[in-house]
Amino acid sequence: QVRVMESGGGLVQVGGSLRLSCTASGTMFSTGWHRQAPGKQRELVAGISTGGKANYVDAVKDRFTISRSNAKNTVYLQMNSLKSEDTGVYYCLAYDRAGTENWGQGTQVTVSS
């Protein structure tokens, strides 16, 4: 089992940028980011495979970039041109070698008008 911790959330104005980090206690296999607005269901934002192949939902494509450092057991989400619709709690999900889902506690991202 891998423990996961997110950081980097905060308050930013529309059009600004944030960089989220997710650090795991051990080796991550496929991993990615999800987000959830209050009263809404959690949704996939971006994922990245062990080989570095990235996928994004259309709503964030060309604005967000997911990357990973296997040496640091860390995955990043660079968020640019932020919109109010991006507000929510962002969760890191990492799969360990057994295929178990390991979720972080979430980090709040608030984009103000």
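See the structure shown above.
What you are looking at is a predicted structure, and each value in this text was computed from that prediction instead of being measured.

S.K.: Report on the overall build of the protein chain, specifying residues and quantitative values.
M.R.: Within the protein chain, the regular secondary structure consists of 0 helices and 11 strands. Seen in sequence order, the protein chain has helices and strands lined up from the N terminus as β-β-β-β-β-β-β-β-β-β-β. Principal-axis analysis of the C-alpha atoms places the extent of the protein chain at approximately 40 × 25 × 20 Å. Nonlocal contacts in the protein chain, meaning residues at least 24 apart in sequence, comprise 53% of its contacts between residues at least 6 apart. Summing over all exposed atoms, the protein chain offers an accessible surface of approximately 6,100 Å²; the carbon and sulfur share of this is 47%. Of the side chains in the protein chain, 12 bear a positive and 8 a negative charge, and the two mean positions are spaced by 5 Å.

S.K.: Can you break down the nonpolar core residue by residue, with the values?
M.R.: Membership of the largest hydrophobic core comes to 24 residues, with the highest contact counts inside it found for Trp33, Val45, Phe64, Val75, Leu77, Met79 and Tyr90. No other element matches the 4 residues that strand 3 (residues 18-24) contributes to this core. Apart from residues no more than four positions distant in its own chain, Phe64 is found in contact with Arg35, Val45, Tyr56, Leu77, Gln78, Met79, Asn80, Leu82, Asp86 and Tyr90.

S.K.: I'd like a rundown of the pattern of salt bridges, residues and numbers included.
M.R.: Applying the stated criterion to the full structure yields 4 salt bridges. With its nearest N and O atoms 2.8 Å apart, the salt bridge here joins Arg35 to Glu43. The class of Glu43 is partly exposed, set by a relative accessible area of 36%. Residue Arg63 is joined to Asp86 by a salt bridge in which the shortest nitrogen-to-oxygen separation is 2.8 Å. With Arg63 in the loop between strand 6 (54-56) and strand 7 (64-69) and Asp86 in the loop between strand 8 (74-79) and strand 9 (88-95), this pair connects stretches of sequence that are 23 residues apart. Here Arg63 falls in the buried class, since its relative accessible area comes to 11%. Among the charged side chains, a network of salt bridges with common partners joins Arg35, Glu43, Arg63 and Asp86.

S.K.: Could you give me a rundown of the sheet that holds strand 8, with the residues and numbers involved?
M.R.: Read across the sheet, 4 strands follow the order 1-3-8-7 without closing on themselves; strand pairing throughout is antiparallel. Looking along the sheet, the strands with just one partner apiece sit at the ends: strand 1 (4-7) and strand 7. Adjacent strand axes in the sheet meet at a mean angle of 15°, parallel and antiparallel pairs treated alike.

Calculation criteria
- Every chain begins its residue count from 1, and numbering advances along the sequence as written.
- Per-residue local features are limited, in this predicted model, to residues with pLDDT of at least 70; the limit for side-chain atom pairs, both in listing and counting, is 80 or more; totals at the level of whole chains, interfaces and linings are taken over all residues.
- Side-chain measures here rest on the full set of heavy atoms in the structure, leaving out hydrogens and waters.
- Segments assigned H or I by DSSP are reported as helices when at least four residues long, segments assigned E as strands when at least two residues long, and all are numbered from the N terminus.
- In what follows, a contact means two residues having at least one pair of non-hydrogen atoms within 4.5 Å.
- To measure how exposed things are, a 1.4 Å probe is used in the Shrake-Rupley method; for residues, cover is taken only from the protein chains shown.
- Only four residue types enter the tally: Lys and Arg on the positive side, Asp and Glu on the negative side, with His and both chain ends excluded.
- Where a charge sits is defined by one atom per residue type, namely NZ (Lys), CZ (Arg), CG (Asp) or CD (Glu).
- In this description, a nonpolar core means a group of buried Ala, Val, Leu, Ile, Met, Phe, Trp, Tyr and Cys residues linked to one another through side-chain atoms lying within 4.5 Å.
- Partly exposed residues are those whose accessible area sits between 20% and 50% of the maximum for their type, while under 20% is buried and over 50% is exposed, using a 1.4 Å probe and protein chains only.
- The term salt bridge refers to a pairing of a side-chain nitrogen on Lys or Arg with a carboxyl oxygen on Asp or Glu at a separation within 4 Å.
- Pairing between two strands is assigned when DSSP locates at least 2 bridges connecting them.
- Think of each axis as a best-fit line through the C-alpha atoms, taken over the contacting stretch in the case of a helix, with angles from 0 to 180 degrees between the N-to-C directions.

Limitation: the analysis is restricted to geometry and does not speak to function.
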